Each structure stands twice: as structure tokens, then as C-alpha cells.
Amino acid sequence: MNSVNKKMVAIVVVLLLVVGIYWGYRAFIAPKGEEGKKHVTIQVVISKENIDKTFEYDTEHQFLYELLKEKEDELGVSFKSFDVGVMVTGMMNYIANEAENEYFHITVNGEDATAGPQEIPLKDGDVYRFELRTW
């Protein structure tokens, strides 16, 4: 085998490994959305603006991001895209000030979210809280 053929085989093997890893992640590790109708609550707390609002929605969306996009105007939500996903940068038309180390902290039923809104599955009865904090 000449060196060009070896390089082609190596490239194909690497591509197959990447596809396999991606498939494995999607099949076994990635959060799964729940199908069907759900009743969920979204709370928005921005203490420095005296905002503490609660919204209740019936939805068939599977992930939090989908619901936030649908209710974007009502919630005054804004997003910023990164290589790893989407981050909520604003709620109730208030944009977190990066210069002041502000961000919107997400909790689900009082527990810190471990992913961004694109990977947070909606579940019936869950409460999703967005609170402006500083780090």
C-alpha cells in the first residue's frame, strides 16, 4: 500500500470513529425529550429590576429552548450562540451585563441545570427558574 492509500484509510477510519461517537452520544447519553402534552412553569427573577414573574404553559415541545423560542416576545428572552450551544442572555427584555459578570442561572425544580436550554427536556409539572446572578 502506498502512502496515499494509507492516508485515505486513516481518514476514513477517523470519520467512522467520529460518526460512531456522535451516534453513541445521541443514543445513550444525550437527554431525551418527553413526547405529549405537558404543563410547565417558567419563573423569571431579576431582583435588581424588581422582577419576579411566573408563567404557566401547556406545551407539546420536548425541550426548554423550543418553548422559549415560541414565547420569545412574551418572556422578552434573548440568546447567544456558542460552539457548545445556546445561552440565555436576557429575560423580560433585560440583558445580562457581561461587564458586571451577570448571567441567567437556570434551575429545574430547585436543582441547578447541568446543560443549556437546548438540552433541558421539558417534563410535565416541572418548574424552570431563570434568575439573574453574578459570578
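As shown above, the structure is provided for reference.
As a starting point, this report considers the structure included with it. (Residues numbered from 1 in each chain as written. Predicted model: local features only at pLDDT ≥ 70, side-chain atom pairs only at ≥ 80, totals over all residues. Heavy atoms only, no water.)

### A word on unusual backbone geometry
(1) Moving on: Residues other than glycine seldom take positive phi values, yet Asn-93 does so here, at roughly 65 degrees.
(2) Moving on: Taking relative accessible area as the criterion, Asn-93 reaches 66% and is therefore assigned exposed.
(3) Moving on: Although it is not a glycine, Asn-109 adopts a positive phi angle of roughly 55 degrees.
(4) Moving on: With respect to the helices and strands, Asn-109 occurs in the loop between strand 6 (102-108) and strand 7 (111-112). (Buried < 20%, exposed > 50% of the residue type's maximum accessible area, 1.4 Å probe, protein only. Helix = DSSP H or I, 4+ residues; strand = E, 2+ residues; numbered from the N terminus.)

### Side note on the side chain of His-105
(1) Moving on: As for its placement among the helices and strands, His-105 is situated in strand 6.
(2) Moving on: The class for His-105 is buried, based on a relative accessible area of 13%.
(3) Moving on: Within polar-contact distance, the side chain of His-105 engages the side chain of Arg-133 at 3.3 Å.
(4) Moving on: With near-sequence residues (within four places) excluded, His-105 lies in contact with Asp-112, Arg-129, Phe-130, Glu-131 and Arg-133. (Polar contact = N/O pair within 3.5 Å; in protein donor to acceptor, adjacent residues only side chain to side chain. Contact = heavy atoms within 4.5 Å.)

### Examining the sheet that holds strand 8 (residues 127-134)
(1) Moving on: In spatial order, the strands read 2-1-8-6-7; together these five strands make up an open sheet with mixed pairing. Two strands bound the open sheet, and with one partner strand each, they are strand 2 (51-59) and strand 7.
(2) Moving on: Relative to strand 8, strand 1 (residues 38-46) is paired through five bridges, and the arrangement is parallel. If you follow Ile-42 over to strand 8, its bridge partner there is Tyr-128. (Pairing = 2+ DSSP bridges.)

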